[in-house]
Amino acid sequence: MIIYPAIDLIGGKCVRLTEGDFEQIKQYHMDPLDMAMQYESEGLTHLHLVDLDGARNKKVTQYKVLERLSNYTKLQIDFGGGIQSEDDLRIVFEAGASQANVGSLAVNQPEVFESWLTKYGIDRLIFAADVRDMLLAAHAWKEVSTIHIFDWVDRFLKSGLQYLTCTDISKDGKLSGVNVDLYKSLLHRYPDLHLIASGGVHHIDDLFLLKDMSCHGVIVGKAIYENKIPIHELSQFQSN
């Protein structure tokens with residue numbers, strides 16, 4: 001199972017939100033590059049980088065931080081937040097992202113996301129499914145649709161979708177434990193999909209649980225910043 005430590009950015013600073021709420025923000029006085037280099041030094045190989053400014057403004061904003069991290073580390077970075085056009089996607093890849101997490105655009109313009117899967121490759125595009133009660137949300141989680149997650153995953157599979165990041169909004173940033181039923185239902189329906197679990201990780205036992213469920217990966221954010229899971233314990237789960 002791959003560990004994806006998360007760095008969420010506002011104004012170039014490391015932050016964490018609770019349930020995606022910009023009114024519930026906590027800033028951490030850590031340089032993103034210092035954090036990334038620490039992850040790399042502990043044997044981690046991947047990084048989940050989120051442009052919260054971009055998600056809010058509907059345009060990729062923190063690409064200079066992405067460029068800096070990709071230049072000074074060998075981490076495989078998946079980048080999300082604000083990818084609303086092909087120009088945004090190009091900027092993200094040119095700045096050094098290995099993969100792009102696409103959420104709002106995939107929900108609202110699925111045909112565009114399908115064309116990107118074909119043009120850029122199924123190994124480079126991740127469907128970022130942010131859900132509340134199995135319904136997809138968009139635009140920094142402010143808008144919850146009537147679309148069931150299964151409907152859009154079923155659709156994108158026809159275009160070769162391989163990677164799915166699924167975040168339970170109700171769990172995110174709350175250190176309340178992972179939504180086991182959500183991930184079990186996804187793995188049961190899509191056993192060949194590379195599922196990356198996100199939201200609620202608060203203890204090392206959550207990681208063992210997700211690994212036993214055969215998740216491809218898991219995003220760990222606030223649990224690291226709040227010292228619930230020491231960074232040096234994460235490398236035992238790492239696989240390429």
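Here, every reference points to the structure presented above.
Keep in mind that this is a model prediction, so the values were computed, not measured. (Residues numbered from 1 in each chain as written. Predicted model: local features only at pLDDT ≥ 70, side-chain atom pairs only at ≥ 80, totals over all residues. Heavy atoms only, no water.)

1. A closer look at the overall build of the chain
In terms of regular secondary structure, the chain is built from 10 helices and 12 strands. The buried share of the chain, taken over its 240 residues, is 57%. Here the contacts in the chain between residues at least 6 apart in sequence split such that 67% fall between residues at least 24 apart. Only carbon and sulfur atoms are counted for the fraction: they give 45% of the accessible area of the chain, which is about 10200 Å². (Helix = DSSP H or I, 4+ residues; strand = E, 2+ residues; numbered from the N terminus. Buried < 20%, exposed > 50% of the residue type's maximum accessible area, 1.4 Å probe, protein only. Contact = heavy atoms within 4.5 Å. Areas by Shrake-Rupley, 256 points an atom, 1.4 Å probe, with all protein chains shown as cover.)

2. Overview of the environment of Gly199
Structurally, the position occupied by Gly199 is in the loop between strand E11 (194-198) and helix H9 (204-212). Assessed through its relative accessible area of 5%, Gly199 is described here as buried. For the pair Gly199 and Gly177, spaced 22 residues apart in sequence, the C-alpha to C-alpha distance is 7.9 Å.

3. Some points on the packing of aromatic side chains
According to the stated counting rule, one finds 6 aromatic pairs in the structure shown. Relative to Tyr120, the ring of Phe93 has its centre 5.9 Å away and its plane inclined at 45°; by these criteria the two rings are tilted. Taken together, the positions of Phe93 in helix H4 (residues 86-94) and Tyr120 in helix H6 (residues 110-120) put the pair 27 residues apart, joining distant regions of the chain. Using a relative accessible area of 23% as the deciding quantity, one classes Tyr120 as partly exposed. Ring centres of Phe113 and Phe127 lie 6.1 Å apart, and the angle between their planes is 45°; on these two criteria the pair is classed as tilted. Residue Phe113 is located in helix H6, and its partner Phe127 is located in strand E7 (residues 125-132); the two are separated by 14 residues in the primary sequence. Comparing Phe113 with Phe127, the two get one shared label, buried. (Phe/Tyr/Trp six-rings, centres within 6.5 Å; stacked < 30°, edge-to-face > 60°.)

4. Overview of the pattern of salt bridges
Tallying each qualifying case throughout the model produces 8 salt bridges. In this structure, the salt-bridge partner of Arg90 is Glu94, at a minimum N-O distance of 3.6 Å. In this pair, Arg90 and Glu94 are both assigned in helix H4, 4 residues apart and thus about one turn of the helix distant. Arg90 sits in the partly exposed class, given a relative accessible area of 38%. Its relative accessible area of 60% is what places Glu94 among the exposed residues. For Arg155, the salt bridge goes to Glu114, with nearest N and O atoms at 2.6 Å. Here Arg155, found in helix H7 (residues 149-157), pairs with Glu114, found in helix H6; they are 41 residues apart in sequence, far enough to count as distant. Through salt bridges that share partners, Asp87, Arg90 and Glu94 make up one connected network. (Salt bridge = Lys/Arg side-chain N within 4 Å of Asp/Glu carboxyl O.)

5. Examining the nonpolar core
Counting residues in hydrophobic clusters, the biggest one holds 72 residues, and the most contacted among them are Ile7, Phe127 and Leu207. Counting residues per element, this core draws most heavily on H7, at 5 residues. Membership of the second largest hydrophobic core comes to 5 residues, among which are Tyr4, Ala6, Ile196 and Ile219. (Core = buried A, V, L, I, M, F, W, Y, C linked by side-chain atoms within 4.5 Å.)

6. Thoughts on unusual backbone geometry
Positive phi outside glycine occurs at Lys58, with the angle close to 60°. You can see Lys58 is positioned in the loop between helix H2 (52-57) and helix H3 (63-72). Accessibility expressed as a relative area gives 43% for Lys58, which makes it partly exposed. Even without being glycine, Met134 reaches a positive phi, approximately 70°. Among the secondary structure elements, Met134 is positioned in the loop between E7 and strand E8 (135-138).

Shape descriptors only; they carry no functional weight alone.
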